Every structure is written in C-alpha cells, then in structure tokens.
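Tertiary structure, described
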Amino acid sequence: FKALKQITRRVAPALNEVLPANTTEEQRLLQLLEDAYINGRYANDFEVSEADFQTLNHRVEKLLSLSREIFNNRLESLHHKEQHLLESSHA
C-alpha cells in the first residue's frame, strides 16, 4: 500500500487523502492494512480489533468508490479527447 500511495500521489492524489499517513495513528492504520494484506493470508494468528477493522473497512470502501469515480472521469475525458481528434481530422 505504501508503494501504491507513491504512484497514486502523481496520478490520483485524492486517493491518498483516504489513508493520509500524516499522523501517528494514520501511519499505524496504514501499517495495519499492510500487515493484514500479508499476514491475513499466511499467519494463522493474525488478529485485528473490531474498531480497527471497521475503520479500515470504511476506508477501503471509500478508496474503491473514489477509484471508480476517478477512473470513470478519466475514461470520459479520454473519450471526449478522442471524439475531438476524430472531428478535427474530418474537418
């Protein structure tokens, strides 16, 4: 997730606002999410508190929703540019 945040900082900075890592608590949640990604599959004793689970679940749902919105907006923008180029080439 930390590596993905580096990439999204350039192309979709709004996504970084969902998991900002600008406080100790935000850094802890981001690390917990990374730990859950790895240990949730491989460690039999990995646990997350209900409160952390609810917080992270809400944030991940928000990330998914925002990602879809950004993707759809970019796709629409590309479609408009393509239409403009096609119209310009036929003129």
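Preceding this section is the structure that the text describes.
Residues numbered from 1 in each chain as written. Predicted model: local features only at pLDDT ≥ 70, side-chain atom pairs only at ≥ 80, totals over all residues. Heavy atoms only, no water.

Notes on helix α4 (residues 50-90)
Heads up, the condition is: Only DSSP runs of H or I with at least four residues qualify as helices, and only runs of E with at least two residues qualify as strands; both kinds are numbered from the N terminus onward. Helices are assigned an expected span. That span is 1.5 Å times one less than the residue count. Burial here depends on accessible area, computed with a 1.4 Å probe over protein chains only, as a share of the maximum for the residue type. Under 20% is buried, over 50% is exposed, and the range in between is partly exposed.
The end-to-end C-alpha separation of α4 is 60 Å, in line with the 60 Å expected for 41 residues at 1.5 Å each. Every buried residue belonging to α4 is among Asp52, Leu56, Arg59, Leu63, Leu66 and Ile70, and all of these are buried.

Thoughts on unusual backbone geometry
A positive phi angle, near 60 degrees, is found at Ala21, a position not held by glycine. Along the chain, Ala21 turns up in the loop between α2 (13-16) and α3 (24-42). Classification of Ala21 as partly exposed rests on a relative accessible area of 24%.

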